[in-house]
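Structural overview for review
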Amino acid sequence: MSARAAAAGARALRLGSVPARAVFLKGSCFIARLGFRPPREQGEYRGKGRKTLRASTMGCCDLKCWLIAGTVVGAIACLAGLILIPVGNMVIEGTVKKEAVLQPGTTAYKNWISAGAPLYRQMWLFDVQNPEEVVRNGSVPVLKQRGPYTYRTRYIPKENVTFNDNYTVSFLLPAGAIFEPSMSVGTEEDIVTSLNLAVAGAYNLIDHKLANMLIQLSKSTLFQSRTVREMLWGYKDPMLKSIMGLFYPYNNTFDGPYNVFTGQDDTNKVSVIDNWQNRPSVLYWNDTYCNMINGTGELPLPFSFIENLNVQWSVYAEYVNSLDLKGITVYRFMLPQSIFASPTVNLDNKCFCTNYEVTNNCTMAGVLDIKACKGAPVFISLPHFLHGSPELLQTVNGLNPDPEEHSTFLDVEPITGFTLRVSKRLQVNMVYGPSKDIKILNQVKQITMFPLVWLNETASLDDETADMIKRELFSRMGMLET
């Protein structure tokens, strides 16, 4: 990578110094934020001679969230939200120190208290074309992608904002989603046939004889037909007698509390997480390294948005090339293939291997098992199992992984470190397989990693902001140079 690209990465994330201030990814059941943390002792997989952007996620989804409430979604890196912020040394240092701290009246605070740019979550569901043949003959599911169904999220200001004496601020993040018909292909009343969440959960979590009894009594099937609204936001399941849905509960819920540094005493610490839910680390993984909370909460300027996700996960992005974005040169960083490599290749992923049967003794690439997050039988991956092991595409038909369409990226302005455009793309999957005790699975021939939904959480600077950056920043830089 070029020296200038390396410098852009350093500006964007202050690599090798304090926990990085940068893009913060968040989605339905885990928090993801770009950051930096110390390496493992020995044998850790790390790219040689590369400048990278490192990210981490934290939180937890519990068994109730899965069986009673719904499925973890958003995983996803994840997976719903990313904040676009200026980081690194600003051209006019005095202005930065004044306006970048989280304090009422500053530009940073105005963009931090409520999302400064629209965040859209596009979702594609997978519609099963041959549900009866799968159950009757053990056929491979044939899938058709439906969507996108687009929602605007993170439009509600933070709540319970409290400034503390130690230069920190605490807050809660409210969740909400508004359907955007003009940005969608179809309506929320479209019918899709997908994996039955309750049946897949029972297959993975309870005794199969008991599962069969519950399935038979409720007349449940392996696949179910629901509206998009029901699948995403909830329906009453006949077997569990409770509400389930990929994102349920979401609207009118809160994530947190968060406690982050305001930067009033040190601008390098702006939005660095002090604790989450009153803990300096999470407790979900049998690994101290994976339980670490590193990086930042939200940072303002020019955009900020975040949502609730619950899985501890570290990721990094690598420089790819330079692009033109609304007349501004940006450097593109993308998640490398190693992020979803098997633990035999990338030791950082060993925390996510808890199901040795499904992952072929932890040799499967392309999926991360987040069942350790208190029992949720969910795997996350890139859309269409991009960079996954070949067997993932052999158990279902209709997927076409495409790096251009299914990769996660962020575009960084190299001089200032502004992250001006970002797109987080992740997929949520569940597993079902053969069972001699569950009647509707008697004919199933192989363990199947079934994709439920893939999503793209995206935001970008608008024309007005682009003009402001060029006018207020670059024009002053030109004056300084002359």
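Residues numbered from 1 in each chain as written. Predicted model: local features only at pLDDT ≥ 70, side-chain atom pairs only at ≥ 80, totals over all residues. Heavy atoms only, no water.

A few words on the packing of aromatic side chains. Evaluation of the coordinates by the stated rule reveals 14 aromatic pairs. On the basis of an interplanar angle of 75 degrees and a centroid distance of 5.1 Å, the ring pair of Y151 and W233 is categorised as edge-to-face. A residue pair is termed long-range when its members are at least 10 positions apart, and Y151 in strand β5 (residues 143-153) and W233 in helix α8 (residues 228-233) qualify at 82 residues. For the pair formed by Y151 and W233, the shared burial category is buried. An aromatic cluster of at least three residues, connected via ring pairs, comprises Y109, W112, F163, F171 and Y258. Taking the ring centre of F261 as reference, the NZ or CZ of K269 above it sits at 4.1 Å. Taking the ring centre of F409 as reference, the NZ or CZ of R332 above it sits at 3.7 Å. (Phe/Tyr/Trp six-rings, centres within 6.5 Å; stacked < 30°, edge-to-face > 60°. Helix = DSSP H or I, 4+ residues; strand = E, 2+ residues; numbered from the N terminus. Buried < 20%, exposed > 50% of the residue type's maximum accessible area, 1.4 Å probe, protein only. Lys NZ or Arg CZ within 6 Å of the ring centre and 35° of its normal.)

In this structure the tally under the stated criterion is 13 salt bridges. Close ionic contact of R146 with D127 constitutes a salt bridge, the shortest N to O distance being 3.1 Å. In this pair, R146 is assigned in strand β5 and D127 in strand β4 (residues 119-128), connecting sequence segments 19 residues apart. Across the pair E189 and R229 runs a salt bridge whose closest N-O atoms are separated by 2.7 Å. Separated by 40 residues along the polypeptide, E189 in the loop between β8 (177-179) and β9 (191-195) and R229 in helix α8 bring together distant segments of the chain. What emerges from the salt-bridge pattern is a single network uniting R121, K424 and E457. (Salt bridge = Lys/Arg side-chain N within 4 Å of Asp/Glu carboxyl O.)

Counting 93 residues, the largest nonpolar core has Y151, L195, L222, L232, L246, Y432 and L452 as its most contacted members. Ignoring anything within four residues of it in the chain, the contact list for Y151 reads L119, Y120, R121, M123, A177, I178, F179, E180, E188, V228, L232 and W233. Listed in part, the seven residues of the second largest apolar core include I328, V330, L420 and I469. (Core = buried A, V, L, I, M, F, W, Y, C linked by side-chain atoms within 4.5 Å. Contact = heavy atoms within 4.5 Å.)

Let us look at unusual backbone geometry. Here the bond from G147 into P148 is cis, since omega is 10 degrees, no more than 30 degrees from zero. Within the fold, P148 resides in strand β5. Although it is not a glycine, K326 sits at a positive phi angle of roughly 55 degrees. What makes K326 partly exposed here is its relative accessible area of 35%. Positive phi outside glycine occurs at H384, with the angle close to 60 degrees.

Ordered by their spatial adjacency, four strands build an open sheet running β6-β7-β13-β14, and the pairing between neighbours is antiparallel. The outermost strands of the open sheet, each flanked by one partner alone, are β6 (159-163) and β14 (273-276). Within this sheet the neighbouring strands show an average axis-to-axis angle of 20 degrees, counted without direction. By the bridge criterion, six bridges tie strand β7 (residues 168-174) to strand β13 (residues 254-261) in an arrangement that is antiparallel. (Pairing = 2+ DSSP bridges. Axes fitted to C-alpha atoms, helices over the stretch in contact; angles between N-to-C directions.)

Let's shift gears to the confidence of the model for the chain. Across the chain, the average pLDDT comes to 76, with 71% of residues at 70 or higher. Of the regions scoring below 50 in pLDDT, residues 54-91 engages in 253 contacts with residues more than four places distant in sequence or in other chains. Of the regions scoring below 50 in pLDDT, residues 298-312 engages in 139 contacts with residues more than four places distant in sequence or in other chains. (pLDDT = per-residue confidence, 0-100.)

The subject of this paragraph is the pairing of β5. Pairing geometry for β4 and β5, over nine bridges, is antiparallel. The partner of F126 across the bridge, within β5, is Q145. As paired elements, β5 and β8 share three bridges and run antiparallel to each other. Opposite Y151, over in β8, you have F179 as the bridge partner.

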